[in-house]
Amino acid sequence: MSDINAIFEPGVLVRHPDQPDWGIGQVQSNIGDRITVNFREMGKIVIDSRRVILELVNE
């Protein structure tokens, strides 16, 4: 797992850098290289943290 992705613990708000239309998501789990996020506009998505570095949302 990327060191930056280690900060994404459950409850943290994030955005997908390549999918802004998904809206803000809330991290559900972060296990190994997989981060499960529940996005407002897309629903639950599993992100491969080796391929995508999520953007932290400060709200």
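Everything below is about the structure shown above.
Residues numbered from 1 in each chain as written. Predicted model: local features only at pLDDT ≥ 70, side-chain atom pairs only at ≥ 80, totals over all residues. Heavy atoms only, no water.

(A) Highlighting the environment of isoleucine 47. Here isoleucine 47 lies in strand β4 (residues 43-48). A C-alpha to C-alpha distance of 5.0 Å links isoleucine 47 and isoleucine 35, two positions 12 residues apart in sequence. When near neighbours in sequence (up to four residues on either side) are disregarded, isoleucine 47 contacts His16, Trp22, Asp33, Arg34, Ile35, Val37, Phe39, Val52 and Leu54. (Helix = DSSP H or I, 4+ residues; strand = E, 2+ residues; numbered from the N terminus. Contact = heavy atoms within 4.5 Å.)

(B) A look at the sheet that holds strand β1 (residues 13-15). Taken in spatial order, the 5 strands line up as β4-β3-β2-β1-β5 in an open sheet, and their pairing is antiparallel. Each edge of the open sheet carries a strand with a single partner, namely β4 and β5 (55-56). Pairing analysis gives 6 bridges linking strand β2 (residues 25-31) to strand β3 (residues 34-39), with the strands arranged antiparallel. Bridge assignment links glutamine 26 to a residue of β3, and that residue is asparagine 38. (Pairing = 2+ DSSP bridges.)

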